[in-house]
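Reading the structure
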Amino acid sequence: MPAYPTDPTLRDTLDANLPAWERAGHRLTVLISGSPDWAIAQAESLIDDDSLWIGPSAPAGIPSLGFRRAGEALGGECGRVVVNALSGFDPNALGAAAGRVRGGGCLLLLTPTLADWPWQTDTDMARLVPHPYQASDAGPAYRERLVRCLGEATQLWRIAQDQPFAPPPQPDEVRTTDTNTPPPGRTDDQGRAIDRIFAVARGRTRRPLVLRSHRGRGKTSALGLAAAQVLENGLGNVLVTAPRREAVAPLFDRLRETTDATIDNDGTVRLGDHQLRFLPPDVLIEQHPEQYPGVRLLLIDEAAALPSAMLEALFLTYPRCVFATTEHGYEGSGRGFTLRFLPRLEAMAVSVHHFWLTAPVRWASGDPLERLVDRLLLLDADPAETQSYRSLERTHPPQRIAPRELGADEHHLGEWFGLLVSAHYRTTPQDLRQLLDGPASQLWTSQTDDGVVAAAATQDEGNLPPDLAEAIFHGERRLRGHLLPQTLAAHAGLPDWPGRRGQRIQRIAVHPLARRQGAGRQMVSAIATTARSEGKDFLGVSFGMEDELIAFWAACGMQVLHLGQDRDHASGSEAVVMAEGLTPEGTAAVERAAESFVRQLAARAAGPLRHVDPKRIAALLGATKPQPLPPLDPIERRQLMACARHRHHIDAALHPLRRWLSPALTQAVAIQAVPLARRALLIGRMLQLQDETRLAHRFGLTGRRAVEATCRQALAELLEAIDVPGEVASQVFTNEKRESRT
């Protein structure tokens, strides 16, 4: 690297101005733009021993992290942080880096010359574009917006190559002195939160606390300090859960710092006679609470990143709960948590208490860096607040919108992306970039006169050459993108899907006031019409399994083609693939795939799908187009009748039952005649081969005999609904009457 000269007054100017920022408790943003060698040289002249470098080309002796590891920066703090975006920009890394800078410090953002930045190849896009695209194929919309936002920022020190630099701006607010000094290691806000958490542990059941905050408010640390208080006061054991264990690392750090607790090899924290341990949410739901005796309190961190059904199950099992979540922080869709889960919690609980952590921990309120990062990464995006039922009557038809057009309209973009954030479990800053700049992406919007009422994003998939399609089917290749065709080939055994041209709906969201009025179906119909006109074979979707989503996509004309066996980390549920055909060939492929799904279900249900909630499987079958029933010989039919009407042992008839049950549960008459819970019980007992004692607990039955009796009743209802051919049925009933006389 050539040695670029640096202005010695640059460092002196920064050092002379930072004390004012420290007095205000605010953080300065320094934008250094120019050629890579020049910008790196300027940054090296401004850092000191209390610095962190994020991105490539870190100087020797300075702590550094690559973009992929930038999340490790959260939890610690330092005075100066460099984000090197000269060859590639990672929005997630910028968000994490900003959280590392303490009040009175600065963040140095290195970029190419701003006028050229949107059009330069960004190496970080290489991992975001689908095959066969390259990083150079990415669009400029996202970086054009970044350049515009940086140009409009006021409290930003700009250092540009070949241009004189002005003095840094001065902070416009001064930190006020609080006469009530909080205890060491906590803010006043945290202290009040700790008191409310402790009150949940001491109080009666079904009175949960909802704790919300923006990033950097010390929410997780407050959970740890409160947990220590519960353990020290001998109230009982504490359980902690979150989408990822790393998310609650500050909780364990505070416990270690403030108590004499010991930690076992499995991570269990012991303090006196009580303990705290982390368990994944699915484990807490699957395992009986008797396995964890003495639990007084359950702390759920980043609750918005978990599905509503999972949160409900946790609350029903552990009625002393604290639901903590970050809003506008992208750990999860905080807005979706508010809109979808909280009304259900209010209905289940005696009373729900709320507390908002508003005071930052490491910097003062009104911090310019926080405001800038919120805008750059659109962390404060929310759905339109002016929607009304009256305005929905003037909804314009859905239309595809160019990424550059959307990126240039800040108000439209904020409402559009705010809807997507509110409807999905986990959204990261990187997602906005992928949506705006992805070369295979299409963006859709539907608006009223008052704002965005529906938003969607799709991506082209498939149309892969035969050699790649074969390698995917053989399990030898996995390409970027092409989620649906690769899933169906590699995991559902359908080798022709990678070669088919299709489109996947990546995301779709409808404004809360427009739901259940057809806005979502209208959007899907518009997308399907356009895809059909472009010669696509199929339109599909993959999502974390939820009953409402299954029903919605079925109402849009899609069929179930595959159920994944692993839980998605974001949704906590197994992934479902649904699709509809758009051409005769595509329709035939969808029909074959749906039939294959039903045909293989019995074998998969007793193996990799044995842990899946049988009610969900029943819902999937109910959303599947009726499949042909397999032929049964007279003896097999007689076995089924004997199981339903008499005491013929169910296990003795498992072979015909398992072969016949899956397609039988797709029949409309069966869905109408047999309640969902009984269909699910049949699936749990006959397809998943679950233990009858466990089934009794799951379905609220008194024991094994009640399970068997209910199964026989459900089977009788099913056989009655699905009419047995007269000649065979007559023979069956004649034989049964003879047996009864003897």
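Structure first, text after, so check above.
Now for a look at the structure at hand.

Criteria and cut-off values
- Residues numbered from 1 in each chain as written.
- Predicted model: local features only at pLDDT ≥ 70, side-chain atom pairs only at ≥ 80, totals over all residues.
- Heavy atoms only, no water.
- Helix = DSSP H or I, 4+ residues; strand = E, 2+ residues; numbered from the N terminus.
- Rg over C-alpha atoms; globule rule 2.2 N^0.38 Å.
- Buried < 20%, exposed > 50% of the residue type's maximum accessible area, 1.4 Å probe, protein only.
- Areas by Shrake-Rupley, 256 points an atom, 1.4 Å probe, with all protein chains shown as cover.
- Lys, Arg positive; Asp, Glu negative; His and termini not counted.
- Charge placed at Lys NZ, Arg CZ, Asp CG, Glu CD.
- Salt bridge = Lys/Arg side-chain N within 4 Å of Asp/Glu carboxyl O.
- Arc of directions from axis to C-beta.
- Contact = heavy atoms within 4.5 Å.
- Axes fitted to C-alpha atoms, helices over the stretch in contact; angles between N-to-C directions.
- Parallel < 35°, antiparallel > 145°, perpendicular 65-115°, else oblique.
- Left-handed = near helix turned anticlockwise from the far one by under 90°.
- Nonpolar A, V, L, I, M, F, W, Y, C, P; charged D, E, K, R; others polar.
- Pairing = 2+ DSSP bridges.
- Expected span 1.5 Å × (residues − 1).
- Core = buried A, V, L, I, M, F, W, Y, C linked by side-chain atoms within 4.5 Å.

Turning our attention to the overall build of the protein. From N to C terminus, the protein includes 27 helices and 21 strands. Taken against the 2.2 N^0.38 rule, which gives 27 Å for 742 residues, the C-alpha radius of gyration of the protein at 29 Å falls within 12% of a compact globule. Counting only C-alpha atoms, the protein reaches 105 × 65 × 55 Å along its principal axes. Within the protein, buried positions represent 56% of all 742 residues. In the structure as shown, the protein presents an accessible area of about 31,100 Å², 49% of it carried by carbon and sulfur atoms. Across the protein, the centroid of the 82 positively charged side chains sits 7 Å from that of the 88 negatively charged ones.

Moving on, we come to the pattern of salt bridges. In total, this model carries 43 salt bridges according to the counting rule given. A salt bridge links glutamate 152 to arginine 375; the nearest nitrogen and oxygen atoms lie 2.7 Å apart. Taken as a pair, glutamate 152 in helix α4 (residues 141-152) and arginine 375 in helix α11 (residues 368-376) lie far apart in primary sequence, 223 residues in all. The class of glutamate 152 is partly exposed, set by a relative accessible area of 44%. With a relative accessible area of 27%, arginine 375 lands in the partly exposed category. For glutamate 461, the salt bridge is made with arginine 504, and the minimal N-O distance between the two is 2.7 Å. Of this pair, glutamate 461 sits in strand β17 (residues 452-462) while arginine 504 sits in strand β18 (residues 501-510); the two residues are 43 residues apart in sequence, bridging distant segments of the chain. With a relative accessible area of 2%, glutamate 461 lands in the buried category. One salt-bridge network, held together by shared partners, links Arg145, Arg148, Glu152, Arg375 and Glu410.

Before going further, it helps to examine unusual backbone geometry. In this chain, histidine 131 is followed by proline 132 through a cis amide linkage whose omega measures 5 degrees. When you line up the elements, proline 132 lands in the loop between β5 (101-111) and α4. Even without being a glycine, leucine 689 presents a positive backbone phi close to 55 degrees. For leucine 689, the position within the fold is in the loop between α24 (676-687) and α25 (692-699). When its relative accessible area of 33% is taken as the criterion, leucine 689 is described as partly exposed.

Buried within helix α7 (residues 249-258) we find Leu251, Phe252, Arg254 and Leu255. Seen from one end, α7 has its buried residues packed into an arc of 160 degrees, which puts them on one side. Those residues of α7 that are buried are in contact with α6 (219-232), β8 (237-241), β10 (269-271), β11 (274-278) and β12 (295-300).

Turning next to the packing of helix α1 (residues 8-24) against helix α2 (residues 36-46). Running from N to C, α1 and α2 point in directions that differ by 45 degrees, and their axes come no closer than 9 Å. What the angle tells us is that α1 and α2 run oblique. Considering the relative orientation of α1 and α2, their crossing is right-handed. On α2, the residues touching Leu10, Arg11 and Leu14 of α1 are Gln42, Ser45 and Leu46. Here the contact of α1 with α2 is composed, by residue class, of 3 nonpolar, 2 polar and 1 charged.

In space, the 8 strands of this open sheet follow the order β9-β10-β11-β8-β12-β13-β7-β14, with mixed pairing throughout. The two strands at the open ends of the sheet, each matched to only one other strand, are β9 (262-263) and β14 (353-357). As judged from the 5 bridges shared by strand β7 (residues 209-213) and strand β13 (residues 321-326), these two strands associate in the parallel manner. Directly across from serine 213, in β13, lies its bridge partner threonine 326.

In this structure, glycine 622 sits in helix α20 (residues 614-622). Taking C-alpha positions, glycine 622 is 31 Å from proline 397, a pair spaced 225 residues apart along the chain.

Within the open sheet, the 7 strands sit side by side as β15-β16-β17-β18-β19-β21-β20. Their pairing is mixed. Looking at the sheet topology across the chains shown, the edges are occupied by β15 (399-401) and β20 (559-567). When strand polarity is set aside, the average angle formed by the axes of neighbouring strands in this sheet is 30 degrees. When strand β19 (residues 538-544) meets strand β21 (residues 574-581), the two strands line up antiparallel, connected through 7 bridges. In the sheet register, leucine 539 faces β21, and the bridge partner there is glutamate 580. This element, helix α14 (residues 429-437), spans β16 (441-447), β17 and β18 of the sheet and lies at about 100 degrees to β16.

Moving on, we get to the pairing of β16. In regular strands, side chains alternate between the two faces of the sheet. Burial analysis of β16 places 6 of its 7 residues in the buried class, the great majority of the element. Relative to β16, β15 is paired through 3 bridges, and the arrangement is antiparallel. The residue bridging arginine 400 from the neighbouring strand is tryptophan 444, located in β16. Note: β16 against β17, 7 bridges, orientation antiparallel. The residue of β17 that forms the bridge with serine 446 is alanine 454. Counting the residues that bridge the hairpin from β16 to β17 gives 4 residues, and of these glycine 451 lies at a positive phi of roughly 155 degrees.

Under the 1.5 Å per step criterion, the end-to-end length of α4 is 17 Å for 12 residues, consistent within 8% with the ideal 16 Å. Looking only at α4, the buried set comprises Ala141, Tyr142, Arg143, Arg145, Leu146, Val147, Cys149 and Leu150.

Here we come to the pairing of strand β1 (residues 28-33). Burial runs high along β1: 6 of the 6 residues are buried. Pairing geometry for β1 and β5, over 6 bridges, is parallel. Counted as the bridge partner of valine 30 is leucine 108 from β5. Note that β1 and strand β6 (residues 156-160) share 5 bridges and pair parallel.

Core analysis: the largest hydrophobic core is formed by 72 residues, its most contacted members being Trp553, Leu563, Trp660, Met686, Leu715 and Leu718. Counting residues per element, this core draws most heavily on helix α17 (residues 519-533), which supplies 7 residues. Apart from residues no more than four positions distant in its own chain, leucine 718 is found in contact with Trp660, Leu661, Ala664, Leu665, Ala670, Val674 and Leu682. Residues Ala141, Cys149, Leu413 and Ala509 belong to the second largest nonpolar core, which totals 53 residues.

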